[in-house]
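Spelled out, the chains give:
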Amino acid sequence: MLFTNRLYEKAKYIWDQYYKHPFVKGIGDGTLDIDKFRFYMEQDYLYLIDYSRLFALGSLKAPDLETMTVFANLLHSTLNDEMELHRQYAERLGIPREKLENTKPAPTTLAYTGYMLNISQRGSLADLIAAVLPCTWSYYEIGLRLNQILGASEHEFYGEWVKMYASEEFGQLAEWLKNLMNKLAEGKTEQELKELEDIFLTTSKFEYMFWEMSYQKQMWPTDKE
Ligand SMILES: Cc1ncc(CO)c(N)n1
């Protein structure tokens, strides 16, 4: 069995909850409260800045030019394509670029990116990929599923989000990372594979927490607005 198939089987109980989450369902049926989406966009922009750093780290840790290039492509695509979607939404939502780039991270955002940066700086390239894989892969799966909903990709506001994450280009990013994960898993002991699995499950759980944080607009309980 491909290691990514094993990862998916283990994490399926978490991933299935993404599709049921009201934030994700609200993007699919177009009913999501714009204010919740605004909060998500601001936090997700911060998230993607650190996520881009992980791809730069992947290039650094890469064993060969081909793998370095994969991470350079992931870095370029995140900074210039995916984050451009956020910048365009921010404009439509009336969020000045200055405010977008200086948003304060929510607890979940900080915990999620902090965990990935910690694991990736201390660990191997395989650890880094296990950490970042749920992000790209689950968003592609969510994009494909929402794209099946009649009208979702044509929705006047959320359509662009669905189109981005259901796109072949974004699917290619997930494919690259899955192929790299399977290649690096070859020859690893069961103990090593279990450790990669645990990392993958942890960031899969953080993905759910990011949807929940966005839906509840969870900031620091001590800092009452
Ligand atoms: C929290 C989160 N996970 C995954 C993606 C996909 O890149 C994203 N933009 N944000």
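Residues numbered from 1 in each chain as written. Predicted model: local features only at pLDDT ≥ 70, side-chain atom pairs only at ≥ 80, totals over all residues. Heavy atoms only, no water.

- With an unreviewed UniProt entry as reference, the chain is termed Aminopyrimidine aminohydrolase, source organism Aeribacillus alveayuensis.
- Comment text from UniProt for the chain, heading Sequence similarities (unreviewed entry), reads "Belongs to the TenA family." (UniProt positions renumbered as here; feature names shortened; annotations may be inferred.)

1. Focus: helix α9 (residues 168–185)
- The terminal C-alpha atoms of α9, which comprises 18 residues, lie 25 Å apart, in line with the 26 Å expected from a rise of 1.5 Å per residue.
- Those residues of α9 lying buried are F170, G171, L173, A174, L177, K178, L180, M181, N182 and A185.
- For α9, the elements touching its buried residues are α1 (3–20), α3 (34–61), α4 (65–92), α7 (125–147), α8 (159–166) and α10 (190–216).
- Looking one or two places after α9, you find G187, whose phi comes out positive at around 80 degrees. (Helix = DSSP H or I, 4+ residues; strand = E, 2+ residues; numbered from the N terminus. Expected span 1.5 Å × (residues − 1). Buried < 20%, exposed > 50% of the residue type's maximum accessible area, 1.4 Å probe, protein only. Contact = heavy atoms within 4.5 Å.)

2. Describing the UniProt feature "domain: Thiaminase-2/PQQC" (unreviewed entry) in the chain
- On the UniProt side, "domain: Thiaminase-2/PQQC" (unreviewed entry) is annotated at positions that read residues 10–216 here.
- Helix makes up 83% of residues 10–216 and strand 0%, with an end-to-end C-alpha separation of 27 Å.

3. Section: the side chain of H21
- Secondary-structure assignment places H21 in the loop between α1 and α2 (22–29).
- Of the residues examined, H21 reaches a relative accessible area of 1% and is grouped as buried.
- Discounting chain neighbours no more than four positions away, the residues touching H21 are Y208, W211, E212 and Y215.

4. Notes on the site of the ligand
- Neighbouring residues of the ligand: D44, Y47, L48, E82, C135, Y139, Y165, F170, E207 and F210.
- Interatomic distance of 2.7 Å between a side-chain N/O atom of E82 and an oxygen atom of the ligand.
- Side-chain polar atom of E207 to a nitrogen atom of the ligand: 2.7 Å apart, as the coordinates give it.
- For the shell around the ligand, the secondary structure elements donating two or more residues are α3, α7 and α10.
- By residue number, the principal contributor to the shell around the ligand is α3, which donates three residues.
- Residues that form the shell around the ligand fall into these classes: seven nonpolar, no polar and three charged. (Near = heavy atom within 4 Å. Polar contact = N/O pair within 3.5 Å; in protein donor to acceptor, adjacent residues only side chain to side chain. Nonpolar A, V, L, I, M, F, W, Y, C, P; charged D, E, K, R; others polar.)

5. Structural notes on α1
- The terminal C-alpha atoms of α1 lie 26 Å apart, and with 18 residues this matches the ideal 26 Å at 1.5 Å per residue to within 8%.
- The largest bend in α1 amounts to roughly 65 degrees and is located at K12.
- Residues F3, T4, R6, L7, A11, I14, W15, Y18 and Y19 constitute the buried set of α1.
- Of the surrounding secondary structure, the elements contacted by the buried residues of α1 are α2, α7, α9 and α10. (Bend = angle between axes of the 7 residues up to and from the residue.)

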